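Listed below are the residues making up each chain.
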Amino acid sequence: MLTGANVHDSAPFEDLLDAVPPVAGKRGRPRRRPGKLHGDKAYDHRRCRDACRRRRIEPRTARRGVEGSRRLGRHRRVVERTLAWMSRFRRLAIRYERRIDIHHAFTALACSLIYLNALQGRF
């Protein structure tokens, strides 16, 4: 989900949880939601924890002022690595576009190029 730069991460949190596709894997009816959510300190709010619990998702977030994000490092590494790949595209690192549809198109193009580079040696 794309939001403005001045919008806190916890504001569109419930919409983001509802946008998660069903989790596939095991036989039978697919799970509608993941079992747990790993997040950084930005998601340590009561409304975020309550939104997770209403959807039967266990929130695993670092608590503000109590613990660091080091324990979440192995889970956060995937996210941080992806954000580093995205920041190689200068137009995304510094947002020049005012319209969200154009910015979303550039984000989709960057993801496609990253995926194409990852698959290039396999075929």
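Since we're looking at a predicted model, the values are computed, not measured.

J.: Can you help me understand the nonpolar core in this one?
T.: Among soluble globular proteins, nonpolar side chains are generally buried collectively. One finds Phe13, Leu17, Ala42, Tyr43, Cys48, Ala51, Cys52 and Ile57 forming the largest nonpolar core, which totals 8 residues. Per element, the largest residue contribution to this core is 3 residues, and it comes from helix H2 (residues 46-54). Leaving out residues up to four positions away in the same chain, Ala51 has contacts with Phe13, Glu14 and Leu17.

J.: Explanation requested: the confidence of the model for the chain in the structure shown.
T.: If pLDDT is low for a region, its predicted coordinates should not be looked at in detail. Residues of the chain with pLDDT of at least 70 account for 85%, and the chain-wide mean is 79. Ranking the elements of the chain by mean pLDDT puts helix H3 (residues 73-86) last with 76 and H2 first with 89.

J.: Even after reading the chapter, I still don't get the side chain of His103, so can you show me in this structure?
T.: Looking at the element boundaries, His103 is found in helix H5 (residues 100-119). Note on His103: relative accessible area 9%, which makes it buried. Apart from residues no more than four positions distant in its own chain, His103 is found in contact with Leu2, Leu92, Arg95 and Glu97.

Calculation rules
- Residues numbered from 1 in each chain as written.
- Predicted model: local features only at pLDDT ≥ 70, side-chain atom pairs only at ≥ 80, totals over all residues.
- Heavy atoms only, no water.
- Core = buried A, V, L, I, M, F, W, Y, C linked by side-chain atoms within 4.5 Å.
- Buried < 20%, exposed > 50% of the residue type's maximum accessible area, 1.4 Å probe, protein only.
- Helix = DSSP H or I, 4+ residues; strand = E, 2+ residues; numbered from the N terminus.
- Contact = heavy atoms within 4.5 Å.
- pLDDT = per-residue confidence, 0-100.

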